[in-house]
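Chains, contacts and geometry: an overview
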Amino acid sequence: MSVGETPITVVGNLTDDPELRFTPAGVALAKFTIASTPRTYDKTTGQWKDGTALFLRATAWREIAEHAADSLTKGMRVVATGRLVQHNWQTDQGENRSMLGLDLDDIGPSLRFATAKVTRAQRTNTPAQADPWATAAPASAGTAAPSGGFGGSPAGFSEEPPF
């Protein structure tokens, strides 16, 4: 993340299925809208009340885009993290417009009111899609983590489950 970017986590529901497209260079991108509606409890009436919904247009790139398109559907509750971005443009009539969007770093189903079965995706390590967690040190025979550290990833975590 760069200096000055605004990180945010949004919990909400997808308003439609993710729309998967590919750039002319073959890079996957998925676009969809996340609706997040705050709820407050009114003690006087004993009822929950919905506030004003926030609709954020989210954009996912590369593997996250493909995984989101394969895994998420309209109405699903998701937890999404990313960076707020402002898009500015001018209409054909010369009016200036702007919109806030969300460039996703990660997204997944919310497990608060649902369950999910996770399947690990197979990686294709082409030069343009090289594994960002890989290190120069080779893996020791019989272990999943490169030698010389705890796990081998920049954050020090192994891709193997701890159990």
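Definitions and cut-offs
- Residues numbered from 1 in each chain as written.
- Predicted model: local features only at pLDDT ≥ 70, side-chain atom pairs only at ≥ 80, totals over all residues.
- Heavy atoms only, no water.
- Helix = DSSP H or I, 4+ residues; strand = E, 2+ residues; numbered from the N terminus.
- Buried < 20%, exposed > 50% of the residue type's maximum accessible area, 1.4 Å probe, protein only.
- Contact = heavy atoms within 4.5 Å.
- Areas by Shrake-Rupley, 256 points an atom, 1.4 Å probe, with all protein chains shown as cover.
- Salt bridge = Lys/Arg side-chain N within 4 Å of Asp/Glu carboxyl O.
- Polar contact = N/O pair within 3.5 Å; in protein donor to acceptor, adjacent residues only side chain to side chain.
- Core = buried A, V, L, I, M, F, W, Y, C linked by side-chain atoms within 4.5 Å.
- Pairing = 2+ DSSP bridges.

The helix and strand tally for the protein stands at one helix and eight strands. Element order for the protein, N to C, with α for helix and β for strand: β-β-β-β-β-β-α-β-β. By the burial criterion, 23% of the 163 residues in the protein qualify as buried. Nonlocal contacts in the protein, meaning residues at least 24 apart in sequence, comprise 52% of its contacts between residues at least 6 apart. Accessible surface, the protein: about 11900 Å² in total, of which carbon and sulfur atoms supply 54%.

Our next topic: the pattern of salt bridges. Counted according to the given criterion, the structure contains five salt bridges. The shortest N-O distance in the salt bridge between Asp50 and Arg39 comes to 2.8 Å. Of this pair, Asp50 sits in strand 5 (residues 47-50) while Arg39 sits in strand 4 (residues 39-42), and the two are eleven residues apart along the sequence. Here Asp42 makes a salt bridge to Lys49, at a shortest N to O gap of 3.1 Å.

Quick look at the side chain of Thr33 now. Examined against the element boundaries, Thr33 turns out to sit in strand 3 (residues 28-36). A relative accessible area of 16% places Thr33 in the buried class. At a separation of 3.2 Å, a polar atom in the side chain of Thr33 contacts the side chain of Arg57. Apart from the residues lying within four places of it in its own chain, the contact partners of Thr33 are Asn13, Leu14, Thr15, Phe55, Leu56 and Arg57.

A positive phi angle, near 55°, is found at Arg62, a position not held by glycine. Here Arg62 lies in helix 1 (residues 62-71).

Let us look at the nonpolar core. If you look at the biggest cluster of nonpolar residues, it comprises 17 residues, and the most contacted ones within it are Phe32, Ile34, Leu102, Leu104 and Ile107. Ranked by residues supplied to this core, first place goes to strand 3 with four residues. Dropping the residues within four chain positions of it, Ile34 is found in contact with Val10, Gly12, Asn13, Leu14, Leu54, Phe55, Leu56, Ala58, Val78, Ala80, Leu102 and Ile107.

A few words now on the pairing of strand 4. With four bridges connecting them, strand 4 and strand 5 associate as antiparallel partners. In the strand pairing of strand 5, Tyr41 is matched with Trp48. Here strand 4 hands over to strand 5 after four residues, with Gly46 in that stretch at a positive phi of 70°.

With respect to the element layout, Gly51 can be found in the loop between strand 5 and strand 6 (54-61). Linking Gly51 and Thr37, residues 14 residues apart in sequence, is a C-alpha distance of 6.1 Å.

Further remarks concern the environment of Arg39. For the pair Arg39 and Gly51, spaced twelve residues apart in sequence, the C-alpha to C-alpha distance is 5.8 Å. Setting aside chain neighbours within four positions, we find Arg39 in contact with Trp48, Lys49 and Asp50. In this structure the side chain of Arg39 is engaged in a polar contact, spanning 2.8 Å, whose partner is the side chain of Asp50.

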